[in-house]
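Listed below are the residues making up each chain.
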Amino acid sequence: MPTTMNATLATTTQKFAEREARVAIIGMGYVGLPLAMAFAQAGYRVVGIDVNAERVAQLNAGRSYVEDIADATLSEAQTRRPDGRPGFVATTEYSVLAECDAVSICVPTPLNKVGEPDLSYIIHAADEVSRYLHEGMVVVLESTTYPGTTREVLLPRLEAHCPDWRVGEDFFLAFSPERIDPGRTDWTVETMPKVIGGVTAACLTAAKAFYAPAVGPLTAVSSAEAAETVKLFENTFRSVNIALANELLLMCDKLGLDAWEIVEAAATKPFGFMKFTPGPGLGGHCIPIDPHYLSWKLRTLAYNARFIELASEINTEMPRYWVQKVQDALNSVRKSVNGSRVLVLGVAYKKNISDIRESPALDILLLLQEKGAEIAYHDPYVPQLCYGDLQLDAVIDLAAALETTDCIVIATDHDAYNWAEIAQAQAAVVDTRHVISA
Ligand code: SAJ
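What comes next is a walk through the structure. All values derive from a computational prediction rather than experimental measurement.

Reading guide: rules and limits
- Along each chain, the written sequence defines residue order, and numbers are assigned to residues from 1.
- Local features in this predicted model are restricted to residues of pLDDT 70 or higher, and side-chain atom pairs are both shown and tallied only at a pLDDT of 80 or more, whereas totals for entire chains, interfaces and linings draw on every residue.
- Computation of side-chain values: all heavy atoms of the structure, hydrogens and water removed.
- Any pair of Phe, Tyr and Trp rings, taking the six-membered ring for Trp, is counted once the centres come within 6.5 Å. Such a pair is stacked with planes under 30 degrees apart, edge-to-face with planes over 60 apart, and tilted for the rest.
- Runs of H or I in DSSP of at least four residues are treated as helices and runs of E of at least two as strands, each being numbered from the N terminus.
- Summary of the burial criterion: residues with accessible area below 20% of their type's maximum are buried, those above 50% are exposed, and those between are partly exposed, where the area comes from a 1.4 Å probe applied to protein chains only.
- In this analysis, strands are considered paired if DSSP registers two or more bridges between them.
- Clockwise travel from the first strand over the helix to the second, with the strands pointing away from the viewer, marks a crossover as right-handed.
- Site definitions follow a grid-based scheme: protein atoms alone, a 1 Å grid, a 1.4 Å probe that fits but cannot get out for cavities, and for pockets an open set with protein on both sides within 12 Å along at least five of seven lines, plus lining residues having an atom within 4 Å of a point.
- Grid points are joined across faces, edges and corners, and a volume is the space filled by probe spheres set on the points.
- Gly counts as polar in this scheme, as do all residues outside two lists: the nonpolar Ala, Val, Leu, Ile, Met, Phe, Trp, Tyr, Cys and Pro, and the charged Asp, Glu, Lys and Arg.
- Any residue with at least one heavy atom within 4 Å of a molecule or strand is counted as near it.
- The definition of a polar contact used here is a pair of N or O atoms within 3.5 Å, where within protein one atom must be able to donate a hydrogen and the other to accept one, and adjacent residues in sequence count solely through side-chain atom pairs.
- For every domain, the bounds stem from an assignment made automatically or drawn from a database.

As for the packing of aromatic side chains
Line of reasoning, step 1. On inspection of all chains with the given rule, the structure shows eleven aromatic pairs.
Line of reasoning, step 2. Plain terms: the ring middles of Phe 16 and Tyr 44 are 5.9 Å apart, the flat faces sit at 70° to each other, and that makes the pair edge-to-face. Residue Phe 16 is found in helix α1 (residues 2-17), and its partner Tyr 44 is found in the loop between α2 (32-41) and β2 (45-49); the two are separated by 28 residues along the sequence. Across the pair, Tyr 44 and Phe 16 agree in class, each one buried.
Line of reasoning, step 3. Geometrically, the ring pair formed by Tyr 321 and Trp 322 is edge-to-face, given 5.0 Å between the ring centres and 85° between the ring planes.

Okay, here's the thing in C-alpha coordinates:
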(Lines give C-alpha, C1' and ligand atoms only; values in the text may rest on other atoms or scores of the structure.)
Protein backbone atom coordinates (compact mmCIF):
# COMPACT_ATOMS: atom_id res chain seq x y z
CA MET A 1 0.00 0.00 0.00
CA PRO A 2 1.64 3.35 -1.01
CA THR A 3 0.77 5.02 2.33
CA THR A 4 2.32 2.09 4.29
CA MET A 5 5.40 2.20 2.06
CA ASN A 6 5.69 5.97 2.48
CA ALA A 7 5.19 5.69 6.24
CA THR A 8 8.02 3.19 6.56
CA LEU A 9 10.32 5.24 4.35
CA ALA A 10 9.39 8.47 6.13
CA THR A 11 10.05 6.95 9.55
CA THR A 12 13.41 5.60 8.40
CA THR A 13 14.59 8.84 6.80
CA GLN A 14 13.42 10.81 9.81
CA LYS A 15 15.62 8.72 12.12
CA PHE A 16 18.69 9.58 10.02
CA ALA A 17 17.75 13.25 9.85
CA GLU A 18 17.45 13.47 13.63
CA ARG A 19 20.58 11.33 14.14
CA GLU A 20 18.37 9.00 16.17
CA ALA A 21 19.57 6.08 14.09
CA ARG A 22 21.87 3.35 15.33
CA VAL A 23 23.99 2.03 12.47
CA ALA A 24 26.20 -1.00 12.03
CA ILE A 25 29.19 -1.64 9.79
CA ILE A 26 30.12 -5.24 9.04
CA GLY A 27 33.86 -5.58 8.43
CA MET A 28 36.25 -3.49 10.54
CA GLY A 29 38.97 -3.27 7.93
CA TYR A 30 40.59 -0.41 6.00
CA VAL A 31 37.15 0.40 4.52
CA GLY A 32 34.75 -0.34 7.38
CA LEU A 33 36.60 1.36 10.23
CA PRO A 34 37.01 4.76 8.53
CA LEU A 35 33.33 4.58 7.51
CA ALA A 36 32.36 3.78 11.12
CA MET A 37 34.31 6.81 12.31
CA ALA A 38 32.59 9.01 9.72
CA PHE A 39 29.15 7.76 10.84
CA ALA A 40 30.07 8.44 14.49
CA GLN A 41 31.33 11.91 13.58
CA ALA A 42 28.00 12.54 11.84
CA GLY A 43 26.20 11.85 15.11
CA TYR A 44 24.93 8.29 14.68
CA ARG A 45 25.33 5.61 17.33
CA VAL A 46 27.69 3.18 15.63
CA VAL A 47 28.53 -0.47 16.14
CA GLY A 48 31.33 -2.19 14.26
CA ILE A 49 30.87 -5.93 13.67
CA ASP A 50 33.83 -8.15 12.85
CA VAL A 51 34.38 -11.90 12.97
CA ASN A 52 37.89 -11.34 14.33
CA ALA A 53 37.59 -11.21 18.14
CA GLU A 54 41.15 -9.88 18.46
CA ARG A 55 40.35 -6.92 16.22
CA VAL A 56 37.15 -6.26 18.21
CA ALA A 57 39.09 -6.33 21.49
CA GLN A 58 41.74 -3.97 20.09
CA LEU A 59 39.10 -1.49 18.92
CA ASN A 60 37.23 -1.59 22.25
CA ALA A 61 40.58 -0.99 23.96
CA GLY A 62 40.94 2.16 21.83
CA ARG A 63 43.71 0.77 19.65
CA SER A 64 43.40 1.25 15.89
CA TYR A 65 45.14 -1.20 13.52
CA VAL A 66 44.12 0.80 10.43
CA GLU A 67 46.91 3.21 9.45
CA ASP A 68 44.48 5.98 8.48
CA ILE A 69 42.63 5.95 11.82
CA ALA A 70 44.48 7.34 14.84
CA ASP A 71 43.75 5.99 18.32
CA ALA A 72 42.57 9.50 19.24
CA THR A 73 39.92 9.38 16.51
CA LEU A 74 38.76 6.00 17.77
CA SER A 75 38.64 7.15 21.38
CA GLU A 76 36.68 10.25 20.40
CA ALA A 77 34.09 8.08 18.64
CA GLN A 78 33.90 5.83 21.70
CA THR A 79 33.20 8.61 24.19
CA ARG A 80 29.70 8.75 25.60
CA ARG A 81 27.43 10.89 23.46
CA PRO A 82 25.82 14.18 24.61
CA ASP A 83 22.55 12.27 25.02
CA GLY A 84 24.37 9.98 27.45
CA ARG A 85 24.27 6.96 25.15
CA PRO A 86 27.51 5.08 24.42
CA GLY A 87 29.44 5.99 21.28
CA PHE A 88 31.21 3.60 18.91
CA VAL A 89 31.53 0.01 20.11
CA ALA A 90 32.83 -3.09 18.34
CA THR A 91 31.44 -6.61 18.64
CA THR A 92 31.50 -10.07 17.11
CA GLU A 93 27.78 -10.47 17.78
CA TYR A 94 25.55 -9.99 14.73
CA SER A 95 22.49 -9.99 17.04
CA VAL A 96 23.15 -6.28 17.65
CA LEU A 97 21.65 -5.77 14.16
CA ALA A 98 18.21 -6.30 15.68
CA GLU A 99 18.55 -2.82 17.21
CA CYS A 100 20.19 -1.16 14.21
CA ASP A 101 18.30 0.95 11.69
CA ALA A 102 20.94 0.53 9.00
CA VAL A 103 23.95 -1.57 8.14
CA SER A 104 26.85 -1.15 5.69
CA ILE A 105 28.60 -4.31 4.51
CA CYS A 106 32.33 -3.76 3.99
CA VAL A 107 33.77 -7.26 3.64
CA PRO A 108 36.48 -8.58 1.29
CA THR A 109 35.67 -9.72 -2.24
CA PRO A 110 38.78 -11.62 -3.34
CA LEU A 111 39.21 -13.92 -6.31
CA ASN A 112 39.31 -17.66 -5.65
CA LYS A 113 42.10 -19.99 -6.75
CA VAL A 114 40.73 -20.17 -10.31
CA GLY A 115 40.40 -16.39 -10.61
CA GLU A 116 36.64 -16.22 -10.11
CA PRO A 117 34.70 -13.97 -7.70
CA ASP A 118 34.66 -15.28 -4.12
CA LEU A 119 31.43 -13.96 -2.59
CA SER A 120 31.65 -16.11 0.52
CA TYR A 121 32.19 -13.09 2.79
CA ILE A 122 29.26 -11.21 1.28
CA ILE A 123 27.02 -14.26 1.56
CA HIS A 124 27.94 -14.84 5.20
CA ALA A 125 27.21 -11.20 6.00
CA ALA A 126 23.92 -11.28 4.08
CA ASP A 127 22.76 -14.40 5.89
CA GLU A 128 23.52 -12.78 9.25
CA VAL A 129 21.79 -9.53 8.32
CA SER A 130 18.72 -11.40 7.11
CA ARG A 131 18.36 -13.09 10.52
CA TYR A 132 17.92 -9.67 12.14
CA LEU A 133 16.26 -7.77 9.31
CA HIS A 134 13.39 -5.66 10.62
CA GLU A 135 10.89 -3.15 9.20
CA GLY A 136 12.45 0.01 7.80
CA MET A 137 16.03 -1.33 7.91
CA VAL A 138 18.49 0.02 5.33
CA VAL A 139 21.18 -2.32 3.97
CA VAL A 140 24.05 -0.93 1.89
CA LEU A 141 26.72 -3.10 0.26
CA GLU A 142 30.12 -1.40 -0.21
CA SER A 143 32.28 -4.36 -1.18
CA THR A 144 33.53 -4.17 -4.75
CA THR A 145 31.67 -6.79 -6.78
CA TYR A 146 30.22 -7.64 -10.18
CA PRO A 147 27.07 -5.94 -11.52
CA GLY A 148 24.00 -7.78 -10.22
CA THR A 149 25.42 -9.01 -6.89
CA THR A 150 23.23 -6.73 -4.74
CA ARG A 151 20.02 -7.73 -6.48
CA GLU A 152 20.80 -11.36 -7.36
CA VAL A 153 22.82 -12.49 -4.32
CA LEU A 154 22.03 -10.16 -1.42
CA LEU A 155 18.30 -9.50 -1.99
CA PRO A 156 17.13 -13.14 -2.08
CA ARG A 157 18.96 -13.81 1.19
CA LEU A 158 17.39 -10.82 2.86
CA GLU A 159 13.94 -11.82 1.64
CA ALA A 160 14.48 -15.44 2.72
CA HIS A 161 13.70 -14.62 6.36
CA CYS A 162 10.79 -12.31 5.57
CA PRO A 163 9.20 -13.76 2.40
CA ASP A 164 6.17 -11.49 2.53
CA TRP A 165 8.25 -8.33 2.86
CA ARG A 166 9.04 -6.22 -0.18
CA VAL A 167 12.30 -4.43 -0.85
CA GLY A 168 11.70 -0.70 -1.20
CA GLU A 169 8.58 -0.94 0.96
CA ASP A 170 9.42 -2.83 4.17
CA PHE A 171 13.23 -2.66 3.95
CA PHE A 172 15.72 -0.90 1.70
CA LEU A 173 18.77 -2.16 -0.20
CA ALA A 174 21.45 -0.22 -2.09
CA PHE A 175 25.06 -0.38 -3.32
CA SER A 176 27.66 2.30 -2.74
CA PRO A 177 31.24 1.53 -3.80
CA GLU A 178 34.10 2.32 -1.40
CA ARG A 179 36.79 4.71 -2.59
CA ILE A 180 39.15 4.38 0.36
CA ASP A 181 42.74 4.85 -0.67
CA PRO A 182 44.96 3.89 2.29
CA GLY A 183 47.50 6.59 3.08
CA ARG A 184 45.76 9.28 1.08
CA THR A 185 45.12 12.46 3.07
CA ASP A 186 43.78 14.85 0.41
CA TRP A 187 40.58 12.81 0.00
CA THR A 188 39.06 11.08 3.02
CA VAL A 189 35.86 9.14 3.55
CA GLU A 190 34.25 12.35 4.86
CA THR A 191 35.16 14.41 1.76
CA MET A 192 35.33 11.85 -1.06
CA PRO A 193 32.50 12.09 -3.63
CA LYS A 194 30.51 8.87 -3.38
CA VAL A 195 28.31 7.00 -5.85
CA ILE A 196 25.11 5.30 -4.66
CA GLY A 197 22.44 3.21 -6.40
CA GLY A 198 19.28 1.60 -5.00
CA VAL A 199 17.49 -1.63 -5.86
CA THR A 200 14.40 0.62 -6.08
CA ALA A 201 13.86 4.38 -6.07
CA ALA A 202 12.69 4.23 -2.45
CA CYS A 203 15.85 2.27 -1.58
CA LEU A 204 17.95 5.07 -3.06
CA THR A 205 16.06 7.66 -1.01
CA ALA A 206 16.60 5.70 2.19
CA ALA A 207 20.28 4.97 1.50
CA LYS A 208 21.01 8.60 0.64
CA ALA A 209 19.36 9.71 3.90
CA PHE A 210 21.60 7.23 5.74
CA TYR A 211 24.88 8.27 4.06
CA ALA A 212 24.43 11.99 3.36
CA PRO A 213 25.33 13.26 6.86
CA ALA A 214 28.58 11.28 6.95
CA VAL A 215 30.29 11.16 3.56
CA GLY A 216 31.24 13.46 0.71
CA PRO A 217 28.88 14.64 -2.06
CA LEU A 218 26.61 11.80 -3.18
CA THR A 219 26.08 10.97 -6.86
CA ALA A 220 22.92 8.93 -7.30
CA VAL A 221 22.83 6.49 -10.23
CA SER A 222 19.84 4.66 -11.65
CA SER A 223 20.35 1.26 -10.04
CA ALA A 224 22.52 -0.89 -7.78
CA GLU A 225 23.97 -2.47 -10.93
CA ALA A 226 25.04 0.92 -12.23
CA ALA A 227 26.79 1.70 -8.94
CA GLU A 228 28.53 -1.70 -8.94
CA THR A 229 29.71 -1.08 -12.49
CA VAL A 230 31.01 2.45 -11.78
CA LYS A 231 33.53 1.10 -9.27
CA LEU A 232 34.72 -1.66 -11.57
CA PHE A 233 35.08 0.82 -14.43
CA GLU A 234 37.13 3.19 -12.24
CA ASN A 235 39.64 0.50 -11.38
CA THR A 236 39.63 -1.16 -14.80
CA PHE A 237 40.52 2.27 -16.18
CA ARG A 238 43.64 2.20 -14.00
CA SER A 239 44.59 -1.38 -14.79
CA VAL A 240 44.32 -0.81 -18.56
CA ASN A 241 46.29 2.45 -18.46
CA ILE A 242 48.99 0.98 -16.24
CA ALA A 243 49.23 -1.90 -18.71
CA LEU A 244 49.54 0.59 -21.57
CA ALA A 245 52.43 2.30 -19.73
CA ASN A 246 54.04 -1.11 -19.22
CA GLU A 247 53.60 -2.00 -22.88
CA LEU A 248 55.19 1.37 -23.75
CA LEU A 249 58.22 0.15 -21.81
CA LEU A 250 58.32 -3.08 -23.80
CA MET A 251 58.00 -1.10 -27.06
CA CYS A 252 60.69 1.40 -26.00
CA ASP A 253 63.02 -1.53 -25.36
CA LYS A 254 62.67 -2.43 -29.01
CA LEU A 255 62.99 1.20 -30.09
CA GLY A 256 65.99 1.90 -27.84
CA LEU A 257 64.12 4.72 -26.12
CA ASP A 258 63.56 5.69 -22.46
CA ALA A 259 59.87 5.02 -21.72
CA TRP A 260 59.86 7.40 -18.75
CA GLU A 261 61.17 10.21 -20.93
CA ILE A 262 58.30 9.56 -23.36
CA VAL A 263 55.72 9.54 -20.53
CA GLU A 264 57.07 12.71 -18.90
CA ALA A 265 57.06 14.55 -22.21
CA ALA A 266 53.55 13.32 -23.09
CA ALA A 267 52.39 14.48 -19.66
CA THR A 268 53.20 18.07 -20.63
CA LYS A 269 50.02 17.93 -22.71
CA PRO A 270 47.60 19.98 -20.58
CA PHE A 271 44.51 18.11 -21.76
CA GLY A 272 43.49 14.72 -23.11
CA PHE A 273 46.25 12.83 -21.36
CA MET A 274 46.59 11.22 -17.91
CA LYS A 275 50.04 10.13 -16.70
CA PHE A 276 50.72 6.53 -15.83
CA THR A 277 54.23 5.12 -15.52
CA PRO A 278 55.75 1.70 -16.24
CA GLY A 279 56.66 -0.34 -13.16
CA PRO A 280 57.36 -3.77 -11.71
CA GLY A 281 53.78 -4.92 -12.38
CA LEU A 282 50.39 -4.46 -10.76
CA GLY A 283 50.02 -4.78 -7.00
CA GLY A 284 47.38 -4.08 -4.39
CA HIS A 285 44.12 -5.58 -3.33
CA CYS A 286 42.01 -3.51 -5.77
CA ILE A 287 43.44 -2.93 -9.22
CA PRO A 288 44.66 -6.45 -9.98
CA ILE A 289 41.41 -7.97 -8.68
CA ASP A 290 38.44 -5.73 -9.47
CA PRO A 291 38.56 -5.82 -13.28
CA HIS A 292 38.27 -9.62 -13.16
CA TYR A 293 34.90 -9.27 -11.43
CA LEU A 294 33.72 -7.36 -14.48
CA SER A 295 35.23 -9.71 -17.07
CA TRP A 296 33.88 -12.72 -15.19
CA LYS A 297 30.33 -11.31 -15.26
CA LEU A 298 30.61 -10.51 -18.97
CA ARG A 299 31.79 -14.07 -19.70
CA THR A 300 28.53 -15.30 -18.20
CA LEU A 301 26.86 -13.10 -20.82
CA ALA A 302 28.99 -14.58 -23.61
CA TYR A 303 31.14 -11.48 -23.99
CA ASN A 304 34.96 -11.44 -23.79
CA ALA A 305 36.21 -8.21 -22.12
CA ARG A 306 39.41 -8.13 -24.16
CA PHE A 307 40.93 -4.93 -22.69
CA ILE A 308 40.72 -6.39 -19.18
CA GLU A 309 42.28 -9.69 -20.20
CA LEU A 310 45.05 -8.05 -22.25
CA ALA A 311 45.87 -5.57 -19.46
CA SER A 312 46.13 -8.43 -17.00
CA GLU A 313 48.38 -10.37 -19.39
CA ILE A 314 50.80 -7.45 -19.77
CA ASN A 315 50.79 -6.41 -16.10
CA THR A 316 51.38 -9.94 -14.80
CA GLU A 317 54.24 -10.41 -17.30
CA MET A 318 56.24 -7.48 -15.89
CA PRO A 319 58.02 -9.32 -13.02
CA ARG A 320 59.43 -11.79 -15.59
CA TYR A 321 60.53 -8.85 -17.77
CA TRP A 322 62.45 -7.31 -14.84
CA VAL A 323 64.08 -10.61 -13.85
CA GLN A 324 65.35 -10.83 -17.42
CA LYS A 325 66.86 -7.36 -16.86
CA VAL A 326 68.63 -8.74 -13.77
CA GLN A 327 69.95 -11.60 -15.88
CA ASP A 328 71.19 -9.11 -18.51
CA ALA A 329 72.79 -6.85 -15.89
CA LEU A 330 74.70 -9.74 -14.26
CA ASN A 331 75.60 -11.14 -17.64
CA SER A 332 77.20 -7.83 -18.57
CA VAL A 333 79.67 -8.36 -15.71
CA ARG A 334 80.10 -12.05 -16.58
CA LYS A 335 77.98 -13.32 -13.71
CA SER A 336 75.01 -15.66 -13.73
CA VAL A 337 71.84 -15.21 -11.70
CA ASN A 338 72.49 -18.61 -10.17
CA GLY A 339 74.64 -17.97 -7.11
CA SER A 340 74.60 -14.18 -7.39
CA ARG A 341 73.41 -12.04 -4.49
CA VAL A 342 70.40 -9.96 -5.46
CA LEU A 343 68.93 -7.33 -3.12
CA VAL A 344 65.35 -6.18 -3.75
CA LEU A 345 64.57 -2.71 -2.37
CA GLY A 346 60.92 -2.34 -1.37
CA VAL A 347 58.36 -5.16 -1.32
CA ALA A 348 55.16 -3.16 -0.60
CA TYR A 349 52.89 -2.86 -3.64
CA LYS A 350 53.36 0.92 -3.78
CA LYS A 351 55.50 3.46 -2.00
CA ASN A 352 55.23 4.62 1.61
CA ILE A 353 52.86 1.87 2.75
CA SER A 354 53.36 -1.58 4.27
CA ASP A 355 50.75 -3.51 2.24
CA ILE A 356 52.34 -6.35 0.25
CA ARG A 357 49.14 -7.83 -1.19
CA GLU A 358 49.64 -8.87 -4.85
CA SER A 359 52.93 -6.97 -4.81
CA PRO A 360 54.95 -7.67 -7.98
CA ALA A 361 58.13 -7.46 -5.86
CA LEU A 362 57.14 -10.81 -4.40
CA ASP A 363 56.93 -12.35 -7.86
CA ILE A 364 60.35 -10.90 -8.70
CA LEU A 365 61.81 -12.44 -5.53
CA LEU A 366 60.22 -15.83 -6.27
CA LEU A 367 61.45 -15.85 -9.87
CA LEU A 368 64.98 -14.95 -8.75
CA GLN A 369 64.87 -17.65 -6.11
CA GLU A 370 63.79 -20.17 -8.75
CA LYS A 371 66.83 -19.19 -10.83
CA GLY A 372 69.18 -19.85 -7.93
CA ALA A 373 69.92 -16.28 -6.86
CA GLU A 374 70.81 -15.61 -3.25
CA ILE A 375 67.89 -13.25 -2.60
CA ALA A 376 67.54 -10.61 0.10
CA TYR A 377 65.22 -7.67 0.53
CA HIS A 378 64.98 -4.38 2.40
CA ASP A 379 61.78 -2.46 3.09
CA PRO A 380 61.40 0.10 5.90
CA TYR A 381 57.73 -0.81 6.19
CA VAL A 382 57.99 -4.60 5.99
CA PRO A 383 60.33 -6.13 8.60
CA GLN A 384 59.51 -9.72 7.66
CA LEU A 385 58.16 -11.62 4.66
CA CYS A 386 56.06 -14.74 5.15
CA TYR A 387 54.61 -15.38 1.70
CA GLY A 388 54.47 -18.93 0.39
CA ASP A 389 58.04 -20.00 -0.34
CA LEU A 390 59.31 -16.58 0.72
CA GLN A 391 60.23 -16.72 4.40
CA LEU A 392 62.66 -13.83 4.79
CA ASP A 393 63.65 -11.19 7.32
CA ALA A 394 64.43 -7.78 5.86
CA VAL A 395 68.11 -6.89 5.85
CA ILE A 396 68.81 -4.48 8.69
CA ASP A 397 72.08 -2.89 7.63
CA LEU A 398 71.25 -1.51 4.21
CA ALA A 399 74.63 0.17 3.68
CA ALA A 400 76.45 -3.11 4.26
CA ALA A 401 74.00 -5.02 2.06
CA LEU A 402 74.50 -2.52 -0.76
CA GLU A 403 78.26 -3.09 -0.64
CA THR A 404 78.07 -6.89 -0.75
CA THR A 405 75.29 -7.48 -3.27
CA ASP A 406 75.83 -8.24 -6.96
CA CYS A 407 72.61 -6.66 -8.20
CA ILE A 408 70.08 -4.25 -6.69
CA VAL A 409 66.43 -4.31 -7.85
CA ILE A 410 64.46 -1.16 -7.00
CA ALA A 411 60.92 -2.52 -6.76
CA THR A 412 59.19 0.05 -4.51
CA ASP A 413 60.26 3.68 -4.49
CA HIS A 414 59.66 4.50 -0.82
CA ASP A 415 60.48 8.14 -0.05
CA ALA A 416 62.62 6.89 2.85
CA TYR A 417 65.36 5.74 0.48
CA ASN A 418 68.43 7.87 -0.25
CA TRP A 419 68.68 7.24 -3.96
CA ALA A 420 71.95 9.14 -4.37
CA GLU A 421 73.55 6.81 -1.81
CA ILE A 422 72.08 3.74 -3.47
CA ALA A 423 73.34 4.90 -6.87
CA GLN A 424 76.91 4.92 -5.43
CA ALA A 425 76.83 1.18 -4.82
CA GLN A 426 79.15 -0.98 -6.95
CA ALA A 427 76.33 -3.40 -7.80
CA ALA A 428 74.35 -3.38 -11.01
CA VAL A 429 71.00 -1.62 -10.54
CA VAL A 430 67.69 -2.71 -12.11
CA ASP A 431 65.40 0.26 -11.54
CA THR A 432 61.73 -0.71 -12.08
CA ARG A 433 60.59 2.70 -10.79
CA HIS A 434 63.06 4.90 -12.68
CA VAL A 435 64.11 6.70 -9.53
CA ILE A 436 67.86 6.36 -9.99
CA SER A 437 67.91 7.07 -13.68
CA ALA A 438 65.39 9.94 -13.21
N1 SAJ B 1 51.18 1.50 -10.73
C2 SAJ B 1 52.04 1.57 -11.82
N3 SAJ B 1 52.00 2.68 -12.61
C4 SAJ B 1 51.13 3.71 -12.37
C5 SAJ B 1 50.26 3.61 -11.26
C6 SAJ B 1 50.30 2.50 -10.45
O7 SAJ B 1 52.84 0.67 -12.06
O8 SAJ B 1 51.16 4.68 -13.11
C9 SAJ B 1 51.19 0.30 -9.88
C10 SAJ B 1 51.40 0.59 -8.41
O11 SAJ B 1 52.77 0.55 -8.10
C12 SAJ B 1 50.62 -0.53 -7.73
C13 SAJ B 1 49.48 -0.80 -8.68
O14 SAJ B 1 49.89 -0.27 -9.95
O15 SAJ B 1 51.42 -1.69 -7.61
C16 SAJ B 1 48.17 -0.16 -8.25
O17 SAJ B 1 48.49 1.18 -8.03
P18 SAJ B 1 47.34 2.27 -7.65
O19 SAJ B 1 47.99 3.62 -7.67
O20 SAJ B 1 46.15 2.05 -8.46
O21 SAJ B 1 47.10 1.96 -6.12
P22 SAJ B 1 45.92 1.20 -5.39
O23 SAJ B 1 45.84 -0.20 -5.78
O24 SAJ B 1 46.11 1.55 -3.96
O25 SAJ B 1 44.62 1.91 -5.95
C26 SAJ B 1 43.84 2.69 -5.09
C27 SAJ B 1 42.47 2.64 -5.68
N28 SAJ B 1 41.55 3.19 -4.74
C29 SAJ B 1 40.35 2.58 -4.61
O30 SAJ B 1 40.04 1.57 -5.22
C31 SAJ B 1 39.41 3.20 -3.67
C32 SAJ B 1 42.45 3.44 -6.97
O33 SAJ B 1 41.11 3.58 -7.42
C34 SAJ B 1 43.03 4.80 -6.75
O35 SAJ B 1 42.95 5.55 -7.95
C36 SAJ B 1 44.48 4.61 -6.34
O37 SAJ B 1 44.43 3.97 -5.05
C38 SAJ B 1 45.21 5.94 -6.23
O39 SAJ B 1 44.92 6.83 -7.05
O40 SAJ B 1 46.10 6.01 -5.38
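Observations concerning the pairing of strand β4 (residues 102-105)
Line of reasoning, step 1. Because side chains alternate across β4, one face comprises the buried residues Ala 102 and Ser 104, and the other comprises Val 103 and Ile 105, equally buried.
Line of reasoning, step 2. Both strand β1 (residues 22-26) and β4 contribute to a ladder of four bridges, which runs parallel. Looking across to β4, one finds that Ala 24 is bridged to Val 103.
Line of reasoning, step 3. In this fold, β4 hands off to helix α5 (residues 120-132), which returns the chain to strand β5 (residues 138-141); that crossover is right-handed.

Quick look at empty space enclosed by the protein
Line of reasoning, step 1. The tally for this structure, following the rule as stated, stands at one cavity of 30 Å³ or more.
Line of reasoning, step 2. What the largest cavity holds in volume is close to 70 Å³.
Line of reasoning, step 3. Residue lining of the largest cavity: Val 31, Leu 35, Glu 142, Glu 178, Arg 179, Ile 180, Val 189, Met 192 and Lys 194, and that is the complete set.
Line of reasoning, step 4. Of the residues in the lining of the largest cavity, the class split is five nonpolar, no polar and four charged.

A word on the site of the ligand
Line of reasoning, step 1. If you check the shell around the ligand, you find 19 residues, and the closest are Asp 181, Lys 231, Arg 238, Thr 277 and Tyr 349.
Line of reasoning, step 2. Here an oxygen atom of the ligand sits 2.7 Å away from a polar atom, N or O, in the side chain of Arg 238.
Line of reasoning, step 3. Between the ligand and the protein, one listed contact pairs an oxygen atom with a backbone N or O atom of Tyr 349 at 2.7 Å.
Line of reasoning, step 4. Tallied by class, the residues present in the shell around the ligand amount to seven nonpolar, four polar and eight charged.
Line of reasoning, step 5. Here the shell around the ligand spans two domains, since at least three of its residues come from each of domain 1 (5-222) and domain 2 (260-431).

Description of unusual backbone geometry
The phi angle of most residues is negative, glycine excepted, and most peptide bonds adopt the trans form.
Line of reasoning, step 1. Even without being a glycine, Ala 302 presents a positive backbone phi close to 60°.
Line of reasoning, step 2. Backbone geometry places Arg 334, a non-glycine residue, at a positive phi of 55°.
Line of reasoning, step 3. Along the chain, Arg 334 turns up in the loop between α11 (306-331) and β9 (341-345).
Line of reasoning, step 4. Taking the relative accessible area as the measure of exposure, Arg 334 reaches 80% and is therefore exposed.

As for the pairing of strand β8 (residues 218-221)
Line of reasoning, step 1. Direction of pairing for strand β7 (residues 194-198) relative to β8: parallel, over a ladder of four bridges. Paired with Val 195 across the bridge in β8 is Thr 219.
Line of reasoning, step 2. Taking the sense of rotation as the criterion, the β-α-β connection linking β7, helix α7 (residues 201-211) and β8 turns out right-handed.

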